[in-house]
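# Secondary and tertiary structure notes
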Amino acid sequence: MLSGLTEWFWEERLWFPEGLGWADLVDREGRVYAKPRDLWVALPIALVFLIIRQIFERTVATPLASLLGVKETVRLKVSHNPTLESYYCNITKIPSQSSVAGLCKQTGYSERQVQRWFRRRRNQDRPSLLKKFREASWRFTFYLLAFIAGLGALIDKPWLYDMKEMWEGFPVLTLLPSQYWYYMIELGFYGSLLFSVASDVKRKDFKEQIVHHVATILLISFSWCMNYIRAGTLIMLVHDSSDYFLESAKMFNYAGWRNACNYIFIVFAAVFIVTRLIIFPFWIIYCTWVYPVTIYDPFFGYYFFNGLLMTLQCLHIFWAVLIIRIALRFLTHNEKVDDDRSDKDETDESEEGEENVEDIKHVKKNGPVQNGHAVHNNNHSKTE
């Protein structure tokens, strides 16, 4: 059964236009072609990236964070309470008002104490600024180096300037060493992101990020097997062209360099819109969707490849909405650029406001407590 499934999966009519097959990609006369088995090289590369990342974050990112003035958030730890901890871990992190009342009866805490406990407990689970900075600096370094390397590999290639050249001689396209390593390194990097997703900072678009990583890995792998390598290198270059701006803006944001963060983010927004909403759909997808059918009849691989590109484009539109919203907020109100996807700390400033309201209610109900003034609770820190 497994043999039959494997034979069906690699059937030539799924991967090639009519009249072409795997025999056309056998190395001969000094010409080397991409082979599916080459993709296994990406696995050890992904593991190497995970090791390099750990070394980079300790030896480069941490000293850089200190140099830029990234400060750790001081968070007060909650007192151990088995009842509240069990509710937090097994039921919900944000209890309703009725649930808070029930927890008060079980623990003997007041409502404010229960709400404060959950607020501080949620903050304990949130990643620190230093962790966010380390992650952003690692991605910034890779995306910048990948963009420079990709540009160097493609700068003298005719399909960078005339995208129809992507299909010149397809699928019998010789594999160049620069293309081989560009593919394996990119595939290994996205594989490492997928491996580390459980420990990385989780944002509100976590599911979209997973879809993006999986779609990217499938796209890179499938384009390699189909010898869509010229199109694949252009797609990777377009994606790397804006990402390092975003990661650098995050780094300055975590360091508190407001103006640098804001202006870099505006540059990122402009590059993202041009590359992901104009160049990618109207140049690259056009040349993978419209032009190939003038050369050969559509086949499964043609539809699957373009389906992955459309999935990426939908994600581009989703992220563009978030980016434009942030950029407009900055341009119209001069507000600080904040990532709408980030889960921000809940500070005790809001808690202090709640306590003041409760004190006012207490005064109205019971009158002044001491010398005509309500006695405020001064046992709480403003920040965590």
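Coordinates for the structure precede this section.
Let me begin by describing the structure that accompanies this report.

Calculation criteria
- Residues numbered from 1 in each chain as written.
- Predicted model: local features only at pLDDT ≥ 70, side-chain atom pairs only at ≥ 80, totals over all residues.
- Heavy atoms only, no water.
- Helix = DSSP H or I, 4+ residues; strand = E, 2+ residues; numbered from the N terminus.
- Buried < 20%, exposed > 50% of the residue type's maximum accessible area, 1.4 Å probe, protein only.
- Axes fitted to C-alpha atoms, helices over the stretch in contact; angles between N-to-C directions.
- Parallel < 35°, antiparallel > 145°, perpendicular 65-115°, else oblique.
- Left-handed = near helix turned anticlockwise from the far one by under 90°.
- Contact = heavy atoms within 4.5 Å.
- Nonpolar A, V, L, I, M, F, W, Y, C, P; charged D, E, K, R; others polar.
- Patch = residues over 30% accessible without salt bridge, like charges linked within 9 Å, V, L, I, M, F, W, Y side chains within 5 Å.
- Areas by Shrake-Rupley, 256 points an atom, 1.4 Å probe, with all protein chains shown as cover.
- Salt bridge = Lys/Arg side-chain N within 4 Å of Asp/Glu carboxyl O.

A word on the environment of Ile 94. Within the fold, Ile 94 resides in the loop between helix H4 (82-90) and helix H5 (97-107). Note on Ile 94: relative accessible area 60%, which makes it exposed. Measuring from C-alpha to C-alpha, the distance between Ile 94 and Arg 122 comes to 8.6 Å, with 28 residues separating the pair along the chain.

Next up on the list: the packing of helix H3 (residues 42-68) against helix H8 (residues 177-195). Here H3 crosses H8 at 60°, and the two axes come no closer than 7 Å. The angle between H3 and H8 falls in the class oblique. Relative to H8, the crossing made by H3 is right-handed. Facing Ala 42, Leu 43, Ile 45, Ala 46, Phe 49 and Leu 50 of H3, the residues of H8 in contact are Trp 181, Met 184, Ile 185, Leu 187, Gly 188, Phe 189, Gly 191, Ser 192 and Phe 195. Its residues assigned to classes, the contact of H3 with H8 shows 12 nonpolar, 3 polar and no charged.

This paragraph deals with a nonpolar patch on the surface. A surface patch of nonpolar side chains, about 500 Å² in accessible area, is lined by Tyr 286, Trp 289, Val 290, Tyr 303 and Met 310. At the level of elements, helix H11 (258-289) and helix H12 (300-333) are the ones that each hand at least two residues to the nonpolar patch. Its location among the elements puts Trp 289 in helix H11.

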